[in-house]
Amino acid sequence: MLSMGLPRREKATNGLTGLKCRAIQGEPSNDAYQATSPNPGIFCAQARSRPPHPMTQEPTSLLPVWARAPTRRAKTTRRQRHPLHLHAAAMAEEGASHRPPSSSAAAAAGGFLSGFCAAALRRKPISAHATHAASGEGLVRQLGVFELVLLGIGASIGAGIFVVTGTVARDAGPGVTISFVLAGAACVLNALCYAELASRFPAVVGGAYLYTYAAFNELTAFLVFTQLMLDYHIGAASIARSLASYFVQFLELIPLLKGHIPTWIGHGEEFFGGVVSVNILAPILLIILTAILCYGVKESSAVNTFMTTLKIVIVIVVVFAGVFEVDVSNWSPFMPNGFKAVVTGATVVFFAYVGFDAVANSAEEAKKPQRDLPIGILGSLLACVLLYVAVCLVITGMVPYTLLGEDAPLAEAFAAKGLKFVTVLISIGAVAGLTTTLLVGLYVQSRLYLGLGRDGLLPSVFAKVHPTRHTPLHSQIWVGCVAAVLAGLFNVHELSHILSVGTLTGYSVVSACVITLRWNDKTTSRHSLGSMSIWQEGVLCLVIIALSGFVAGLCYRFSYATAFIIIAFLIAVVAGFALQFRQVYVDPPGFSCPGVPIVPMVSVFFNMLLFAQLHEEAWYRFVILSLLAVGVYAGYGQYHAVPSCSDHPHPAVAYHGIPSEAP
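Residues numbered from 1 in each chain as written. Predicted model: local features only at pLDDT ≥ 70, side-chain atom pairs only at ≥ 80, totals over all residues. Heavy atoms only, no water.

S.K.: Hey, could you go over the overall build of the protein for me, with residue numbers and the actual values?
M.R.: Per the secondary structure count, the protein includes 24 helices and 4 strands. Here the protein holds 663 residues, and 53% of them are scored as buried. In the protein, the proportion of contacts linking residues at least 24 apart, taken out of those at least 6 apart, comes to 83%. Accessible surface for the protein amounts to roughly 28,000 Å². Of this, 68% is attributable to carbon and sulfur atoms. (Helix = DSSP H or I, 4+ residues; strand = E, 2+ residues; numbered from the N terminus. Buried < 20%, exposed > 50% of the residue type's maximum accessible area, 1.4 Å probe, protein only. Contact = heavy atoms within 4.5 Å. Areas by Shrake-Rupley, 256 points an atom, 1.4 Å probe, with all protein chains shown as cover.)

Below is the structure:
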């Protein structure tokens, strides 16, 4: 045996094939199905046959060094000679040997930092959660490709199609159509990246958080989750208040009720100088939708299918009714304020497409995930592009863009043409659109909480799935309660300028995940630059591309010299060349994003360019929330994270062995 020459302590540590844990040494492997890291750390995977070098051996306990007591190995009885006892004893001695000779306070601080770094750099083998569905602890596969497409459309198209189109058209003119095409093209890049990862990891929920955990590390995944979750919480509360307001307006179409509904019921009434804004109807609507989601995914999918189909039919009827009122002379000039206004409009309407990532979060409930998830993501996005472009052409052709209203431009355009019955349809479509957007938003949040509860980064109560309803009951109720409190007591519309940070962050990281998971360092003969590994070099190039996009966006936003934008672009191109020619890429199983690494690089660059267009308070929110997330992870997550071990000698096989069809 290879461990014959090792000290007794190392034999105990490295001979534990039953636990299948090891300390990673040397250059990491970037296989998507191994728990590796760019730096030495502690992860669970298959035990290597060769022992680690004694000078580089790291402790394999999940506890930081300072938390391990330097006790001597006690004499064990025959009953105690279990690998787990030997492992604990060996780790206790190694903890003592790794402790530096300094004061207790300094040792504790240094030990905490080393333990934090080791935990933060853990990566996730996806096969670890592949057994949830098979063991009955997971969700049930009940969503077909049709339901997934409607899920993506329901999450993307809300009342914005009746409002945003006309609002942007006031600045971009009829060229708002080009704005939606440009934003749609940028979203297609993100959707291609999501489609590949959804096909590659179809077995479990998690979305962007899961992909980041597999491609980068535990801390980055937790940061992505917190940024996304704040967007979802505030967005759900804001949509609920809008839905309540639209619902009241719809009720006021009845003459008996017009002017007799108190403002505190649906529109919101402010108290204490605007600090509190009471809205009774919004929490009630949230409770109803939460109850539907708790009842079962089949029932909630049926509600979403009905409402989304109704919404699509109404939009198509509105488009066909408006086609006969189009005057082509209103399309001239097509871009009255120049192409820059069209590009600025693209940065605004980009967020009208946000929602297709909801399909990726339904991975554990799709009947044929490897086939249906990419179709659901790309199909829903393309359907949204067609609907938005059609509405833009109709609304700018019916009336001159200068006469479009800001609150309800589409309804006002049809009212000006004497088609008042269409305005009623628009109100119904707006209510249906907001309902589906809110329903899918609550659905996605609960699945994200479910994923973190399973991984131990959040309390285990979030990981519980109802045995008969097969829904994450506790997570769903928690999400509904948070949204209900925010919507019932605060005017969250005022926080809209700090939203979209999490979305752009998630999209950027997902695009980077596609690149990193394609790397294959085992087959490359290229030498690293100095002390930097090939993997670290690639990550550095991705960071440079992201920063270059952000700088270019700042220069564009504040109208700096064009030369600065060109320089930032050239720096990104140089980093892109390094990614193209310094890394070796392998084709993934399932759907493959075309043009890797070019397509994901362009996606990262454009996402960060949009990030620079956000309100300054959104940047502050990003930094403050990230610091808070690091604190939560340091105090809770690093100690409670569940080590992911695979009982199969080939994690990829165990992962891909998940049935692609519902039982």
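S.K.: How would you sum up the pattern of salt bridges? Please name residues and give values.
M.R.: This model, assessed by the stated rule, comprises 8 salt bridges. Here glutamate 364 ties to arginine 454 by a salt bridge, and the two come within 2.7 Å at their closest N and O atoms. In this pair, glutamate 364 is assigned in the loop between helix H14 (357–360) and helix H15 (369–398) and arginine 454 in helix H17 (residues 420–455), connecting sequence segments 90 residues apart. For arginine 454, a relative accessible area of 8% gives the class buried. Close ionic contact of aspartate 372 with arginine 371 constitutes a salt bridge, the shortest N to O distance being 2.6 Å. (Salt bridge = Lys/Arg side-chain N within 4 Å of Asp/Glu carboxyl O.)

S.K.: Outline the environment of threonine 263, supporting the account with residue identities and numerical values.
M.R.: Checked against the element boundaries, threonine 263 lands in helix H10 (residues 263–266). The class for threonine 263 is partly exposed, based on a relative accessible area of 39%. For the pair threonine 263 and valine 278, spaced 15 residues apart in sequence, the C-alpha separation works out to 9.0 Å. Among the polar contacts made by the side chain of threonine 263, one reaches the side chain of glutamate 269 at a distance of 3.3 Å. (Polar contact = N/O pair within 3.5 Å; in protein donor to acceptor, adjacent residues only side chain to side chain.)

S.K.: Residues and numbers for the packing of H15 against helix H16 (residues 409–416), please.
M.R.: Here H15 crosses H16 at 45°, and the two axes come no closer than 10 Å. Between H15 and H16, the crossing angle belongs to the class labelled oblique. You can see that H15 and H16 cross each other, and the crossing is left-handed. Contact with H15, carried on its side by Val391, Ile395 and Met398, involves Pro409, Leu410, Ala413 and Phe414 of H16 and no other residues of that element. The residue inventory of the contact of H15 with H16, partitioned by class, reads 7 nonpolar, no polar and no charged. (Axes fitted to C-alpha atoms, helices over the stretch in contact; angles between N-to-C directions. Parallel < 35°, antiparallel > 145°, perpendicular 65-115°, else oblique. Left-handed = near helix turned anticlockwise from the far one by under 90°. Nonpolar A, V, L, I, M, F, W, Y, C, P; charged D, E, K, R; others polar.)

S.K.: Tell me about the packing of aromatic side chains, and please be specific about residues and values.
M.R.: The final tally for this structure, using the stated rule, is 27 aromatic pairs. An angle of 90° between the planes, with centres 5.8 Å apart, marks the rings of tyrosine 194 and phenylalanine 356 as edge-to-face. Here the residue tyrosine 194 occupies a position in helix H7 (residues 176–200), and phenylalanine 356 occupies one in the loop between helix H13 (338–349) and H14, the gap between them amounting to 162 residues. Side by side, tyrosine 194 and phenylalanine 356 carry an identical accessibility label, which is buried. Centroid distance phenylalanine 225 to tyrosine 449: 5.5 Å. Interplanar angle 85°. Geometry classified as edge-to-face. Taken together, the residues phenylalanine 225 in helix H9 (residues 218–251) and tyrosine 449 in helix H17 connect sequence positions 224 residues apart. Taken together, the aromatic side chains of Phe112, Phe116, Phe222, Phe225, Tyr449, Phe462, Trp478 and Tyr633 make up a single cluster linked through ring pairs. Taking NZ or CZ as reference, lysine 340 lies 5.2 Å from the ring centre of tyrosine 556, over its face. (Phe/Tyr/Trp six-rings, centres within 6.5 Å; stacked < 30°, edge-to-face > 60°. Lys NZ or Arg CZ within 6 Å of the ring centre and 35° of its normal.)

S.K.: Please set out unusual backbone geometry residue by residue, giving values where relevant.
M.R.: For the bond running from serine 332 to proline 333, omega is 0°, close enough to zero to count as cis. By secondary structure assignment, the location of proline 333 is in the loop between helix H12 (297–323) and H13. Look at the link from valine 596 to proline 597: it is a cis peptide, with omega at 10°. Considering the arrangement of structural elements, one finds proline 597 in the loop between helix H21 (562–582) and helix H22 (598–611). Within the chain, histidine 470 stands out as a residue other than glycine whose phi angle is a positive 55°. The residue histidine 470 is located in the loop between H17 and helix H18 (473–489) in this model. Under the relative-accessibility criterion, histidine 470 is labelled partly exposed at 24%. Of note, serine 559 is a non-glycine position whose phi angle comes to about 55°, a positive value. With respect to the helices, strands and loops of the structure, serine 559 is situated in the loop between helix H20 (534–557) and H21.

S.K.: Quick rundown of the state of the cysteines? Include the residues and the values.
M.R.: With the rule as written, the count across this model stands at 0 disulfides. In this structure cysteine 384 is a free cysteine whose sulfur lies 9.4 Å from that of cysteine 187, the closest cysteine sulfur available. (Disulfide = S-S within 2.5 Å.)

S.K.: So what's going on with the packing of helix H11 (residues 281–295) against H18? Residues and values would help.
M.R.: In contact at an axis separation of 9 Å, H11 and H18 are set at 170° when each is read in the N-to-C sense. Our classification of the angle between H11 and H18 gives roughly antiparallel. Here Ala282, Pro283, Leu286, Thr290, Leu293 and Cys294 of H11 lie close against H18, whose contacting residues are Leu473, Gln476, Ile477, Gly480, Ala483, Ala484, Ala487 and Gly488. Grouping the amino acids of the contact of H11 with H18 by side-chain chemistry returns 10 nonpolar, 4 polar and no charged.

S.K.: Give me the confidence of the model for the protein: which residues, what numbers.
M.R.: On average, residues of the protein carry a pLDDT of 79, and 77% of them reach 70 or more. Here residues 128–136 is modelled with pLDDT under 50, and outside its nearest four sequence neighbours on either side it reaches 16 contacts, counting other chains as well. For residues 645–663, every residue scores under 50 in pLDDT, and the model assigns this stretch 43 contacts once sequence neighbours within four places are set aside. (pLDDT = per-residue confidence, 0-100.)

S.K.: Got a sec to walk through the environment of glutamate 147? Specific residues and values, please.
M.R.: Positionally, glutamate 147 belongs in helix H5 (residues 145–156). On the basis of relative accessibility, which here comes to 25%, the residue glutamate 147 falls in the partly exposed class. The spacing of glutamate 147 and threonine 305 is 158 residues in sequence and 6.7 Å in space, taken between C-alpha atoms.

S.K.: Tell me about the environment of cysteine 541, residues and numbers included.
M.R.: One can find cysteine 541 in helix H20. Counting along the chain gives 60 residues from cysteine 541 to methionine 601, while the straight-line C-alpha distance between them is 9.9 Å. Leave out the neighbours within four places in its chain, and cysteine 541 touches Ala575, Ala578 and Leu579.

S.K.: Hey, could you go over a nonpolar patch on the surface for me, with residue numbers and the actual values?
M.R.: Residues Leu540, Ile544, Phe558, Tyr560, Phe564, Ile567 and Ile571 make up a contiguous nonpolar surface patch of about 650 Å² in total accessible area. Secondary structure elements with two or more residues in the nonpolar patch: H20 and H21. Looking at the nonpolar patch, the element that brings in the most residues is H21, giving 3 residues. The topology assignment puts leucine 540 in helix H20. (Patch = residues over 30% accessible without salt bridge, like charges linked within 9 Å, V, L, I, M, F, W, Y side chains within 5 Å.)

S.K.: Tell me what's going on with the side chain of serine 548, and back it up with residues and numbers.
M.R.: Residue placement: serine 548 occurs in helix H20. Assessed through its relative accessible area of 6%, serine 548 is described here as buried. Those residues in contact with serine 548, other than ones at most four positions away along the chain, are Ala568, Ile571, Ala572 and Phe605.

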